[in-house]
Amino acid sequence: MNTYHATITITLRKGILDVQGKTVEHALHATDFPMISHLRIGKYVELTVEAENKTTAHSLVEDACRKLIANPIMEDFSISLNELQVENV
Amino acid sequence: MKYGIVRFPGSNCDHDAFYTASQNGTAEYLWHKDTTIPKGIDCIILPGGFSYGDYLRCGAIARFSPIMREVVTFANRGGLVIGICNGFQILTEAGLLPGVLLRNSSLNFVCRDVFLSVANNTTPFTSALKPNQIVRIPVAHGDGNYYADNETIAKLETNNQVVFRYSDAEGRLTEAANPNGSINNIAGIINERGNVLGMMPHPERYSDDLLGCSDGKAVFQSLELFDKSNSAKMVEPTSY
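What you are looking at is a predicted structure, and each value in this text was computed from that prediction instead of being measured. (Residues numbered from 1 in each chain as written. Chains lettered and ligands numbered in written order. Predicted model: local features only at pLDDT ≥ 70, side-chain atom pairs only at ≥ 80, totals over all residues. Heavy atoms only, no water.)

Asks: Help me understand the overall build of chain A, please; the structure alone is not making it clear to me.
Replies: Counting its secondary structure elements, chain A contains two helices and three strands. If you list the helices and strands of chain A from N to C, you get β-α-β-α-β. By the compact-globule yardstick of 12 Å for 89 residues, chain A is too spread out, its C-alpha radius of gyration being 17 Å. In terms of principal-axis extent, the alpha carbons of chain A reach across some 50 × 30 × 15 Å. The buried share of chain A, taken over its 89 residues, is 27%. Within chain A, contacts between residues at least 6 apart in sequence are counted, and of these 72% link residues at least 24 apart. With an accessible surface of roughly 5,700 Å², chain A has 55% of that area assigned to carbon and sulfur atoms. Placing the 8 positive and 12 negative side-chain charges of chain A at their respective mean positions leaves the two points 10 Å apart. (Helix = DSSP H or I, 4+ residues; strand = E, 2+ residues; numbered from the N terminus. Rg over C-alpha atoms; globule rule 2.2 N^0.38 Å. Buried < 20%, exposed > 50% of the residue type's maximum accessible area, 1.4 Å probe, protein only. Contact = heavy atoms within 4.5 Å. Areas by Shrake-Rupley, 256 points an atom, 1.4 Å probe, with all protein chains shown as cover. Lys, Arg positive; Asp, Glu negative; His and termini not counted. Charge placed at Lys NZ, Arg CZ, Asp CG, Glu CD.)

Asks: How should the interface of chain B and chain A be read in this particular structure?
Replies: Interfaces are often sized by the amount of accessible area the parts lose when they come together. With 14 residues of chain B at the contact, the number on the chain A side is 14 residues. Carbon and sulfur atoms supply 67% of the area buried between chain B and chain A, which totals about 1,200 Å² over both sides. Between chain B and chain A we count one salt bridge in total. In this structure, glutamate 75 of chain A and arginine 57 of chain B form a salt bridge, with 3.7 Å as the shortest nitrogen-oxygen distance. The interface formed by chain B and chain A contains five residue pairs in polar contact (both at pLDDT 80 or more). Of the residues that constitute the side of chain B that touches chain A, the class distribution is eight nonpolar, two polar and four charged. (Buried area = accessible area lost by both parts, 1.4 Å probe. Salt bridge = Lys/Arg side-chain N within 4 Å of Asp/Glu carboxyl O. Polar contact = N/O pair within 3.5 Å; in protein donor to acceptor, adjacent residues only side chain to side chain. Nonpolar A, V, L, I, M, F, W, Y, C, P; charged D, E, K, R; others polar.)

Asks: Can you walk me through the side chain of serine 51 of chain B in this structure?
Replies: Of note, serine 51 of chain B is situated in the loop between strand E3 (43-46) and helix H2 (66-76). When residues no more than four places from it in sequence are discounted, the contact partners of serine 51 of chain B are Phe8, Pro9, Gly10, Gly59, Ala62, Asn86 and Ile90 of chain B.

Asks: Please clarify how the sheet that holds strand E3 (residues 75-83) of chain A should be interpreted in this entry.
Replies: Strands belonging to one sheet form pairs held by backbone hydrogen bonds; the direction of such a pair is parallel or antiparallel. Residue and element names in this part refer to chain A. On the basis of which strands lie adjacent, the open sheet formed by three strands has the order E2-E1-E3 and antiparallel pairing. Of all strands in the sheet, those bounded by a partner on one side alone are strand E2 (42-51) and E3. Geometrically, the sheet is characterised by an average inter-axis angle of 20 degrees between neighbouring strands, direction not taken into account. In the sheet, strand E1 (residues 2-12) pairs with E3 via nine bridges, with the strands oriented antiparallel. Bridging from a neighbouring strand, isoleucine 10 pairs with phenylalanine 77 of E3. Of the strands in this sheet, E1, E2 and E3 touch helix H2 (residues 54-69), which is tilted by about 150 degrees from E3. (Pairing = 2+ DSSP bridges. Axes fitted to C-alpha atoms, helices over the stretch in contact; angles between N-to-C directions.)

Asks: I keep staring at the side chain of arginine 165 of chain B and nothing clicks. Help me out?
Replies: The residue arginine 165 of chain B is located in strand E9 (residues 162-167) in this model. Of the polar contacts made by the side chain of arginine 165 of chain B, one reaches the backbone oxygen of asparagine 184 of chain B; its length is 3.2 Å.

Asks: Explain the pattern of salt bridges here, please?
Replies: Two side chains bearing opposite charge may form a pair once their charged atoms approach each other closely. Summed over the entire model, instances satisfying the criterion amount to 13 salt bridges over all chains. Aspartate 63 of chain A is paired through a salt bridge with lysine 67 of chain A; the nearest N and O atoms lie 3.3 Å apart. Here aspartate 63 of chain A and its partner lysine 67 of chain A are both found in helix H2, four residues apart, which amounts to about one turn of the helix. Its relative accessible area of 37% is what places aspartate 63 of chain A among the partly exposed residues. Notably, a salt bridge pairs lysine 155 of chain B with glutamate 192 of chain B, separated by 3.6 Å at the nearest N-O pair. Of this pair, lysine 155 of chain B sits in helix H4 (residues 150-158) while glutamate 192 of chain B sits in the loop between strand E10 (186-190) and strand E11 (196-199), and the two are 37 residues apart along the sequence. Beyond isolated ion pairs, a larger network of salt bridges with shared partners links Lys43 and Glu75 of chain A together with Arg57 and Glu93 of chain B.

Here is the structure:
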């Protein structure tokens, strides 16, 4: 078994207006940052998972995202995985 | 009608739901860790509140409570279920109702009276109301912005599954009357089978004349009417 560290980024789905993101973007435009756009606010989740290999680890985390961590009706998520060395666990 | 009121850690409308249910029928509390629903319960209420602190998403953790497995089974057998506010959020997370409740478009927690227009009075929850009747019911939520994809919304509308819409006092479905940005001013929906209701407004909070308004009582009166009409009763007596 290997241990993997996963970071998960969750944002509202593309078609859904991110009111919070828009508000922050407007505030930036009102200050010194008119060049900033497409700002979206989401959630960050990290976890470790034990699995035979990276593919299995990814599919386990993806399953957890679909079942609980994210709500696919309103959220998109992306997963980034790194194998942890024993001394880092 | 015998009501079961589920208490999750963080429920805070359980007493109000219990009081109102008791005025109209009999009620008992159910605990989130319970693994059975007592015999004789006709209607389960998932009350408002902040179950599990609204951690992750409203209703997301409550959905995995042991009692929710039983609630899903109960609903699938035709038992009546009402989710109010946080209860509505739990029902969508549990997949008993379609769609999801997003953050209010204003980003504010909205706590005030709203007017609702009755969009469907042919349900067990609304038969004591007239079509397009206007009722005044309070809302108190930060995440009540009903959203579903276009296909789901079209299906809800075609099947007459929208039960309540936010309106003004004259029944106009305006943007100003919509406290949270819900699509089509949707305030409450039922499932396709018609035995599961989810609504953001709190009928239990306006169900006693002492409170200055008792418009919410109609939901419970409707259920009593439904209970008395044996022919329409959907739950087999032996189920629970």
